[in-house]
Amino acid sequence: MIKKLTKSIREYKKDTIITPIFMILEVVMEVLIPYLVAKLIDSGVTAGNMSMIIKIGIYLIICAMMSLLFSILAGVISSKASSGFAKNLRHDLFYKIQDFSFYNIDKFSSSSLITRLTTDVSNVQMAFMVIIRLAFRAPFTILFALIMAFRINKSISMVFLGIIPILGIGLILIAKYAHGYFEKTFKTYDKLNNTVGENVRGMRVVKSFVNKSVEINKFKKISNQIYNYFTKAEKIVAFNSPLMQFVVYGSILFISYFSALSIVGGSMSTGELTSLITYALQILTNLMMLSMIFVMITIASTSAERIVEVL
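Note that the structure is a prediction, hence the values are computed from the model and not measured.

Visitor: Which parts of the structure should I look at to understand the overall build of the protein chain?
Guide: Summing up its helical and strand segments, the protein chain has 11 helices and zero strands in all. Written out in order from the N terminus, the α and β elements of the protein chain read α-α-α-α-α-α-α-α-α-α-α. For a compact globule of 311 residues, the expected C-alpha radius of gyration is about 19 Å, and the protein chain comes in at 26 Å, more than 25% above that figure. Referenced to the eigenvectors of the C-alpha coordinate spread, the extents of the protein chain come out at roughly 90 × 40 × 30 Å. For the protein chain, the proportion of its 311 residues judged to be buried stands at 40%. For the protein chain, the exposed area adds up to about 17,200 Å²; of that, 69% sits on carbon and sulfur atoms.

So, in structure tokens, the structure goes:
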């Protein structure tokens, strides 16, 4: 399926490759900032060394500006790549449909083909942009932040290794149960488009036979089906937020408690605690981002399967 879809990238391969590179460079700059802040507190503020404060302050400004620059470049290029990919995908779908036999058109139905050319392509486009940007950014941020956290304090950083499996299992279960409802939703979209198409084409017939109320009820029934499926899917996906909140605040409590003991014992400084909490927030924020990516890809995977069926 992925091989089939990536054929539509074509002239946007360069942009697709450059975007993750800029995202990784942005991550490097972001991860360096808490490390420099720890140095600023311990070597500058605590020691009362003004020259060190100015020196590290300049480094912090440079890192922040570089991070902003890489983020802007990645955003612009990823938008171009994802829009171009969607354009090529619609082109490939449209020309493939032109070669369809009447049997294939009847098999898919015109309403289903319209949904695949519009809603499904938009879902895949959004997922593509998320993959080349956030799906590279989040794992690398987690990896680099973990490395820096272990450099500061190995024993306290073990908290992260305990919470990641809990979150991973939770996300897999959420995606598994939500996927089925999203699949049903897109199939019902086909029925909705078909009903609207029939009413537009047969408007005079509906009015002639005074069949307006029947057609309205028919539309309401299908519309309510979509509403019910989406509601059930979103209820499952909504568990993502409390799960993340539990993991985030639980880990910060553990880190704060053990770090306080280490500071009292003299094996850890205040600057190291500050940077460790920042790394914790970076790791957990990007885990939350990964969970949202996971949900988006779950939705888009159903659309991708439907597009590949046509291709």
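Moving on from the model shown.
Visitor: I'm lost on the pattern of salt bridges in this one. Help?
Guide: Oppositely charged side chains may form a pair once their charged atoms are brought near each other. In total, this model carries seven salt bridges according to the counting rule given. With its nearest N and O atoms 3.2 Å apart, the salt bridge here joins Glu26 to Arg137. Of this pair, Glu26 sits in helix α2 (residues 13-45) while Arg137 sits in helix α6 (residues 134-152); the two residues are 111 residues apart in sequence, bridging distant segments of the chain. Note that Glu309 is salt-bridged to Arg116, the shortest N-O span being 3.0 Å. Of this pair, Glu309 sits in helix α11 (residues 270-310) while Arg116 sits in helix α5 (residues 110-132), placing them 193 residues apart in sequence. Overall, the relative accessible area of 7% leaves Arg116 in the buried class.

Visitor: Looking at this model, I keep getting lost on a positive patch on the surface. Mind explaining?
Guide: Taken together, the side chains of Lys3, Lys4, Lys7 and Lys96 define a basic patch exposed on the protein surface. Locating Lys4 in the fold gives a position in helix α1 (residues 2-6).

Visitor: Which parts of the structure should I look at to understand the environment of Ser262?
Guide: One can find Ser262 in helix α10 (residues 240-265). Relative accessible area serves as the criterion here: at 14%, Ser262 is assigned to the buried category. For the pair Ser262 and Leu273, spaced 11 residues apart in the sequence, the C-alpha separation amounts to 9.4 Å. Not counting chain neighbours up to four residues away, the residues in contact with Ser262 comprise Asn153, Ile156, Ser267 and Met268.

Visitor: Mind showing me how you'd approach the side chain of Asp120 here?
Guide: Of note, Asp120 is situated in helix α5. Overall, Asp120 belongs to the buried group, its relative accessible area being 0%. Excluding its chain neighbours within four sequence positions, the residues that come into contact with Asp120 are Thr115, Phe186, Ser303, Arg306 and Ile307.

Visitor: Would you explain the packing of aromatic side chains in this entry?
Guide: The geometry of an aromatic ring pair is captured by the separation of the ring centres together with the interplanar angle, meaning the angle of the planes. A complete count under the given rule lists six aromatic pairs for this structure. Judged by centre distance (5.9 Å) and plane angle (80 degrees), the rings of Phe94 and Tyr95 are edge-to-face. Given the relative accessible area of 42%, Phe94 is considered partly exposed. An aromatic cluster of at least three residues, connected via ring pairs, comprises Phe254, Tyr257 and Phe258.

Visitor: Even after reading the chapter, I still don't get the packing of helix α3 (residues 50-98) against α5, so can you show me in this structure?
Guide: Helix packing for two helices is described by the angle between their axes and how far apart those axes are. Contact pair α3 / α5: the axes reach a minimum separation of 9 Å and the direction vectors enclose 150 degrees. With respect to α5, the axis of α3 lies roughly antiparallel. Along this stretch, α3 crosses α5, giving a crossing that reads as right-handed. Taking contact as the criterion, the partners of Ser78, Ser79, Ala81, Ser82, Ser83, Phe85, Ala86, Leu89, Arg90, Leu93, Phe94 and Ile97 in α3 are, on α5, Leu113, Arg116, Leu117, Val121, Ser122, Val124, Gln125, Phe128, Met129 and Ile132. Broken down by class, the residue content of the contact of α3 with α5 amounts to 14 nonpolar, six polar and two charged.

Visitor: Please explain the environment of Leu273 as it appears in this structure.
Guide: Relative to the helices and strands, Leu273 resides in helix α11. With a relative accessible area of 18%, Leu273 lands in the buried category. Considering only alpha carbons, one finds Leu273 and Leu161, 112 residues apart in sequence, at a separation of 18 Å. When sequence neighbours within four positions are dropped, the list of residues in contact with Leu273 reads Ser259, Ile263 and Met268.

Visitor: Mind showing me how you'd approach the confidence of the model for the protein chain here?
Guide: Where the model shows low pLDDT, its predicted coordinates should not be examined in detail. When pLDDT is averaged along the protein chain, the result is 81, and 96% of the positions lie at 70 or above. Of all secondary-structure elements in the protein chain, the lowest mean pLDDT belongs to helix α8 (residues 203-208), at 64, while α3 reaches the highest, 89.

Visitor: Hey, could you run me through the packing of α2 against α11 in this one?
Guide: At a minimum axis separation of 7 Å, α2 and α11 run at an interaxial angle of 165 degrees. With respect to their mutual orientation, α2 and α11 come out roughly antiparallel. When you trace α2 past α11, the crossing you get is right-handed. Judged by residue contacts, Glu30, Val31, Pro34, Tyr35, Val37, Ala38, Ile41 and Asp42 of α2 engage Thr270, Gly271, Glu272, Thr274, Ser275, Thr278, Tyr279 and Gln282 from α11. For the contact of α2 with α11, the residue count by class is seven nonpolar, six polar and three charged.

Calculation rules
Residues numbered from 1 in each chain as written. Predicted model: local features only at pLDDT ≥ 70, side-chain atom pairs only at ≥ 80, totals over all residues. Heavy atoms only, no water. Helix = DSSP H or I, 4+ residues; strand = E, 2+ residues; numbered from the N terminus. Rg over C-alpha atoms; globule rule 2.2 N^0.38 Å. Buried < 20%, exposed > 50% of the residue type's maximum accessible area, 1.4 Å probe, protein only. Areas by Shrake-Rupley, 256 points an atom, 1.4 Å probe, with all protein chains shown as cover. Salt bridge = Lys/Arg side-chain N within 4 Å of Asp/Glu carboxyl O. Patch = residues over 30% accessible without salt bridge, like charges linked within 9 Å, V, L, I, M, F, W, Y side chains within 5 Å. Lys, Arg positive; Asp, Glu negative; His and termini not counted. Charge placed at Lys NZ, Arg CZ, Asp CG, Glu CD. Contact = heavy atoms within 4.5 Å. Phe/Tyr/Trp six-rings, centres within 6.5 Å; stacked < 30°, edge-to-face > 60°. Axes fitted to C-alpha atoms, helices over the stretch in contact; angles between N-to-C directions. Parallel < 35°, antiparallel > 145°, perpendicular 65-115°, else oblique. Left-handed = near helix turned anticlockwise from the far one by under 90°. Nonpolar A, V, L, I, M, F, W, Y, C, P; charged D, E, K, R; others polar. pLDDT = per-residue confidence, 0-100.

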